[in-house]
Amino acid sequence: MGAYANYRVVSGTGEAVEGAADATVIAAQGAGKVLRLMKAIVQVTVVASVAGGEVALENGVGGTRFFEADADALGVYRLDFGDDGYPLSANTLLNITVDGTKAYTLASGLFV
């Protein structure tokens, strides 16, 4: 973790199900705090009920999608954002969202 060795390590899980399409994976931690997402695993656990179903990780609910995957088949996606991680906006939660499917995620990162 190099330059971020003194920051707080966090992790979280979230499960999004069609009908309740959003789920918080790691909650926001307050003004000025930035989550740097280091690693995540996203698993499609139910095949999409409609063609074009998808799963995505977002910078906040309805925010910028920085990972998207087709959910027309079961699958596991391992994401590694490197030593610096993927920075979310300040005071913003990590969200998983689905369309026509069910998915689970596990993620870890640092608050800086």
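Rules behind the numbers
Residues numbered from 1 in each chain as written. Predicted model: local features only at pLDDT ≥ 70, side-chain atom pairs only at ≥ 80, totals over all residues. Heavy atoms only, no water. Helix = DSSP H or I, 4+ residues; strand = E, 2+ residues; numbered from the N terminus. Rg over C-alpha atoms; globule rule 2.2 N^0.38 Å. Buried < 20%, exposed > 50% of the residue type's maximum accessible area, 1.4 Å probe, protein only. Areas by Shrake-Rupley, 256 points an atom, 1.4 Å probe, with all protein chains shown as cover. Lys, Arg positive; Asp, Glu negative; His and termini not counted. Charge placed at Lys NZ, Arg CZ, Asp CG, Glu CD. Pairing = 2+ DSSP bridges. Axes fitted to C-alpha atoms, helices over the stretch in contact; angles between N-to-C directions. Salt bridge = Lys/Arg side-chain N within 4 Å of Asp/Glu carboxyl O. Contact = heavy atoms within 4.5 Å. Polar contact = N/O pair within 3.5 Å; in protein donor to acceptor, adjacent residues only side chain to side chain.

Participant: Report on the overall build of the chain, specifying residues and quantitative values.
Facilitator: If you tally the helices and strands in the chain, you get zero helices and nine strands. Beginning at the N terminus, the succession of helices and strands in the chain can be written as β-β-β-β-β-β-β-β-β. Here the C-alpha atoms of the chain give a radius of gyration of 14 Å, agreeing with the 13 Å that 2.2 N^0.38 yields for 112 residues. Taking the principal axes of the C-alpha coordinates as reference, the chain spans close to 45 × 25 × 20 Å. Taken over 112 residues, the chain has a buried fraction of 41%. For the chain, the accessible surface area stands at approximately 5600 Å², while carbon and sulfur atoms represent 50% of it. Each charge sign in the chain was given a centre, from 7 positive and 12 negative side chains, and these centres are 11 Å apart.

Participant: Give a description of the sheet that holds strand β2 (residues 22-26) that names residues and reports values.
Facilitator: Taken in spatial order, the four strands of this open sheet run β2-β8-β4-β5, and their pairing is antiparallel. Both edges of this open sheet fall to β2 and β5 (65-70), since each of them pairs with a single strand only. The average angle at which neighbouring strand axes cross in this sheet is 20 degrees, direction not considered.

Participant: Got a sec to walk through the side chain of Arg-36? Specific residues and values, please.
Facilitator: Among the structural elements, Arg-36 can be located in strand β3 (residues 35-46). Of the side chains with opposite charge, Asp-84 comes closest to the buried, unpaired Arg-36, at an N-O distance of 5.2 Å.

Participant: Tell me about the environment of Lys-39, residues and numbers included.
Facilitator: Residue placement: Lys-39 occurs in strand β3. Here the alpha-carbon distance between Lys-39 and Asp-80, two residues 41 residues apart in the chain, equals 4.6 Å. Once residues within four sequence positions are removed from consideration, Lys-39 is found in contact with Leu-79, Asp-80, Phe-81, Leu-106, Ala-107 and Ser-108. Reaching out from Lys-39, the side chain makes a polar contact with the side chain of Asp-80 at a distance of 3.0 Å.

Participant: Now, about the pattern of salt bridges: what can you tell me, with residues and values included?
Facilitator: Summed over all chains, the structure comprises five salt bridges. Of the charged contacts, one joins Glu-15 and Lys-102 as a salt bridge, the two residues approaching to 3.8 Å between their closest N and O atoms. A residue pair is termed long-range when its members are at least 10 positions apart, and Glu-15 in strand β1 (residues 8-17) and Lys-102 in strand β9 (residues 102-111) qualify at 87 residues. The shortest N-O distance in the salt bridge between Glu-54 and Arg-65 comes to 2.5 Å. Linking Glu-54 in strand β4 (residues 54-59) with Arg-65 in strand β5, this pair joins segments that are eleven residues apart in sequence. Its relative accessible area of 25% is what places Glu-54 among the partly exposed residues. Ionic contacts of the salt-bridge type, sharing partners, join the residues Glu-54, Glu-58, Arg-65 and Glu-68 into one network.

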